[in-house]
Amino acid sequence: MTCQSPIVVALDYPTMAQSIEMAKRLDPSQCRVKVGKELFTTAGPVILDELHKLGFDIFLDLKFHDIPNTVANAVSVAAKAGVWMVNVHATGGRRMMEASANALESIASQSGKDKTLLIAVTVLTSMDQSDLAEIGIDLTPEQHVSRLAKLAQSSGMDGVVCSAQESKMLSTELGKDFALVTPGIRPVGAEQGDQKRIMTPQEAMAAGSHYLVMGRPITQAADPVAVLTSVNQSLINK
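Presented here is an overview of the structure given in this document. All figures in this text were calculated on a predicted structure; none of them were measured in a lab.

1. Focus: the overall build of the protein chain
A count of helical and extended segments in the protein chain gives 11 helices and eight strands. At 17 Å, the protein chain has a C-alpha radius of gyration in line with the 18 Å of a compact globule built from 238 residues. In terms of its C-alpha atoms, the protein chain occupies a principal-axis envelope of roughly 45 × 40 × 30 Å. A burial count over the protein chain gives 51% of its 238 residues as buried. A separation of at least 24 residues holds for 68% of the contacts in the protein chain among residues at least 6 apart in sequence. For the protein chain, the accessible area works out to roughly 11,100 Å², and carbon and sulfur atoms hold 50% of it. One way to put it: in the protein chain the 21 positive side-chain charges average out to a point 3 Å from where the 25 negative ones average out.

2. Brief notes about the environment of Glu105
For Glu105, the location among the structural elements is in helix H5 (residues 94–111). Judged by relative accessible area, which is 47%, Glu105 ranks as partly exposed. For the pair Glu105 and Gly156, spaced 51 residues apart in the sequence, the C-alpha separation amounts to 9.9 Å.

3. Some points on the side chain of Asn87
As for its position among the elements, Asn87 is in strand S4 (residues 85–89). A polar side-chain atom of Asn87 sits 3.2 Å from the main-chain amide nitrogen of Leu62. Beyond its immediate chain neighbours, meaning those up to four positions away, Asn87 contacts Phe59, Leu60, Asp61, Leu62, Lys63, Phe64, Ile119, Val121 and Val161.

4. Some remarks on the sheet that holds strand S8 (residues 211–214)
If you walk around this closed barrel you meet the eight strands as S1-S2-S3-S4-S5-S6-S7-S8, and the pairing is parallel. With direction set aside, neighbouring strand axes in the sheet form an average angle of 25°. As judged from the three bridges shared by strand S3 (residues 58–64) and S4, these two strands associate in the parallel manner. If you follow Phe64 over to S4, its bridge partner there is Val88.

5. Brief notes about the environment of Leu139
Among the structural elements, Leu139 can be located in the loop between helix H6 (129–134) and helix H7 (141–154). On the basis of relative accessible area, Leu139 is assigned to the partly exposed category, the value being 22%. Once the C-alpha coordinates of Leu139 and Pro45 are considered, the two residues, 94 residues apart in sequence, prove to be 38 Å apart. Not counting chain neighbours up to four residues away, the residues in contact with Leu139 comprise Gln129, Leu132, His144 and Arg147.

What counts as what
- Residues numbered from 1 in each chain as written.
- Predicted model: local features only at pLDDT ≥ 70, side-chain atom pairs only at ≥ 80, totals over all residues.
- Heavy atoms only, no water.
- Helix = DSSP H or I, 4+ residues; strand = E, 2+ residues; numbered from the N terminus.
- Rg over C-alpha atoms; globule rule 2.2 N^0.38 Å.
- Buried < 20%, exposed > 50% of the residue type's maximum accessible area, 1.4 Å probe, protein only.
- Contact = heavy atoms within 4.5 Å.
- Areas by Shrake-Rupley, 256 points an atom, 1.4 Å probe, with all protein chains shown as cover.
- Lys, Arg positive; Asp, Glu negative; His and termini not counted.
- Charge placed at Lys NZ, Arg CZ, Asp CG, Glu CD.
- Polar contact = N/O pair within 3.5 Å; in protein donor to acceptor, adjacent residues only side chain to side chain.
- Pairing = 2+ DSSP bridges.
- Axes fitted to C-alpha atoms, helices over the stretch in contact; angles between N-to-C directions.

All quantities given are derived from atomic positions and should not be read as evidence of function.
Structure, rendered in structure tokens:
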């Protein structure tokens, strides 16, 4: 089943049962799903098997950041588990990213299957300039995102995770084929939560984002399916 929607629903639940319950309410032709640190830590790799059985493409959002060999091995395991997308931290540097990219290219070549997309995290959407200053980075979030995204592209990444506020800039700088994965997406009227750099789905797509990660606005809605359907329809009619 091919998903044409850019929406990736974040299954940010503390238990596998809750995540599967939500996934069963969703349609894999209408969205992909994201498995993050909390869910993967509590459920383990079996959560990937269960979501694949339901027909979903999976973004494994574990943000690997370690020495090159360790990260290359980790993303290789993810690819062999059949995930659609996996990510690493761009701040791990060129050698780490290149080792990971080469590992996934090798697996795709040997298996004959589509390569798992490898995405680099730039600046977390919960961070602003004051947060960067506290860790010794004397740049605006946009400047730091740009620098890391260029490094990621030249290191073989398929795209980056970035705020929608940086999507237009990165699309211009790096080309429209470099995938931009955008969290911090909130439909009009939704609460901002702990995301500081946010946009609506329509604004994000217009700015150049390729994939939109949405969690609480869908999963905590009274009718998650209705919200997802409404967002997808709004993007079709944009």
